[in-house]
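Inside the fold
Letter by letter, the chains look like this.
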Amino acid sequence: MKKILSLEKRNAVLLRMADLVRQEESILLSANDKDLSSFESDDIAMVDRLKVNKKKVGEMVYSLKQLAALDDPLHVERFQFTHDNGLEISNKTAPFGTILIIYESRPDVTIEAAGIAFKSGNKILLKGGKESLNSNLVLVNLWHKALEACDCAKDWITYLNFSREETQKFLEKPTEKLDLIVPRGGERLISFVKQYAQCPVIVSGRGNNFVYVSHEADLQMALDIIINAKTTKISACNAADKVIISRDLPRKMEFLNLLVQSLKKYNVEILTDAKLAGLEGTSQMDDESVWYEEFLDYKIVIGQVADVDEAIQHINTHGGGHSAAIITKNKEEADTFMQSVDTAAVYHNASTRFTDGGQFGLGGELAISTDKLHQRGPIGLQHLVTNKWFVKGNGQIR
């Protein structure tokens, strides 16, 4: 493990990087244009994640400055105990050591994930996708300039320009000690990493998020939330893919028709279950396995359940463990839903699009974990640490 840099050094690097990203914006945008022009796919979610524009550059700069302003996540005392024999025992946060981040198509991960890992005292290895290589190489070069400007070694942040075969070999037999791997991407990437990794892996899993509209829902609120959760950023893992409504919803057909009309304005393909088959403007899904799918597209399923208990069971069976929302005026029903649904984030009368490190006040995120160890949901600065026991004595023996 590398010697921990002082908080002042780490913050200086982040602020220097923010300045460099702003100064070299045109070079970054030009590199990103090359990536976009050579990207041969009609996957609109991938294109959305790959694209860097002036707005995204501004968000990169903001996230770096925000990170620099946050408290140090290291050396935080989490437990203290004085033994009967006088031993002073404490538990404090400490870096993992070396973290490998494997990700697809998103150049902003080269900023946000690397910044969070670096601020929390870790050495970072970045393995980006080939589709964003030009953008990533520009950003890593800027990281190295920022590190050198602050008298820090460049190997705090390293880019692995590996093929799939080279990545597999590195996972199986790393040329240096790895303490943690975080794959950010689709299920194929995650299963690939889990198959070959020789150290702990935090899974940034699929979305497949549900919105349940209770029979006591405010219908206009439900409509607004569903449209927001589905259409504002279809490439985001916090977008909604499934809507289930209560069988006893008042003005049910009026609401469903209005929902379909509103979704159609955004060219969303609408599937229904058998209970809502024949709804105008929709088609019935032909396979129950669709309930398990994350779409990352202008596509949604609308289904019907008897009550909140069936909604909970349905979400826990088919959801991705990411986010779920209930729309209801009944607080008791909402509490039951929120306590029983097995997802990283649960919502009452709000859009699932808020499941995000920045929106949750974490100052960005390394990933959104659907695992339960060691951290669930957005992994922010304060979560990218492990812990260490410090025991101070004056000759005690047991």
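Preceding this section is the structure that the text describes.
Please read all numbers here as calculations on a predicted model, not as lab measurements.

Section: the sheet that holds strand β1 (residues 77-82)
- With antiparallel pairing, the three strands of this open sheet are ordered in space as β1-β2-β16. Of all the strands in the sheet, just β1 and β16 (385-392) have a single pairing partner and so form its edges. Within this sheet the neighbouring strands show an average axis-to-axis angle of 20°, counted without direction.
- Two elements, β1 and strand β2 (residues 88-95), share five bridges in a ladder whose sense is antiparallel. Across the sheet, glutamine 80 pairs through a bridge with serine 90, a residue of β2.

Some words on helix α6 (residues 133-149)
- Helix length check: α6 (17 residues) gives 24 Å between terminal C-alpha atoms against 24 Å at 1.5 Å per residue, within 8%.
- What α6 keeps buried is the set Ser135, Asn136, Val138, Leu139, Val140, Leu142, Trp143, His144, Ala146 and Leu147.

Description of a negative patch on the surface
- A surface patch of negative charge is lined by Asp42, Asp43, Glu269 and Asp297.
- In this structure, aspartate 42 sits in the loop between α2 (25-38) and α3 (44-50).

Description of the packing of aromatic side chains
- Summed over the entire model, instances satisfying the criterion amount to six aromatic pairs.
- Ring geometry for phenylalanine 210 versus tryptophan 291: centroids 6.1 Å apart, planes at 20°, classification stacked. With phenylalanine 210 in strand β7 (residues 209-213) and tryptophan 291 in the loop between β10 (283-284) and β11 (299-305), this residue pair connects regions lying 81 residues apart in the sequence. Tryptophan 291 matches phenylalanine 210 in its accessibility class, with the two residues each being buried.
- In this structure, lysine 2 packs its charged tip against the face of tryptophan 156, placed 4.9 Å from the ring centre.
- For the cation-ring pair, arginine 164 lies above phenylalanine 192, with the distance from its terminal atom to the ring centre recorded as 4.1 Å.

Some thoughts on helix α8 (residues 187-196)
- Among the residues making up α8, those that are buried are Leu189, Ile190, Phe192, Val193 and Tyr196. Mapping the buried residues of α8 onto a view down its axis gives an arc of 160°, with all of them on the same face. Summarising the geometry of α8, the exposed residues directed more than 90 degrees from the buried face are Glu187, Arg188, Lys194 and Gln195.
- Elements that come into contact with the buried residues of α8 comprise β3 (98-103), α7 (164-172) and β6 (180-184).

Thresholds, definitions, all that
Residues numbered from 1 in each chain as written. Predicted model: local features only at pLDDT ≥ 70, side-chain atom pairs only at ≥ 80, totals over all residues. Heavy atoms only, no water. Pairing = 2+ DSSP bridges. Helix = DSSP H or I, 4+ residues; strand = E, 2+ residues; numbered from the N terminus. Axes fitted to C-alpha atoms, helices over the stretch in contact; angles between N-to-C directions. Expected span 1.5 Å × (residues − 1). Buried < 20%, exposed > 50% of the residue type's maximum accessible area, 1.4 Å probe, protein only. Patch = residues over 30% accessible without salt bridge, like charges linked within 9 Å, V, L, I, M, F, W, Y side chains within 5 Å. Areas by Shrake-Rupley, 256 points an atom, 1.4 Å probe, with all protein chains shown as cover. Salt bridge = Lys/Arg side-chain N within 4 Å of Asp/Glu carboxyl O. Lys, Arg positive; Asp, Glu negative; His and termini not counted. Charge placed at Lys NZ, Arg CZ, Asp CG, Glu CD. Phe/Tyr/Trp six-rings, centres within 6.5 Å; stacked < 30°, edge-to-face > 60°. Lys NZ or Arg CZ within 6 Å of the ring centre and 35° of its normal. Arc of directions from axis to C-beta. Contact = heavy atoms within 4.5 Å.

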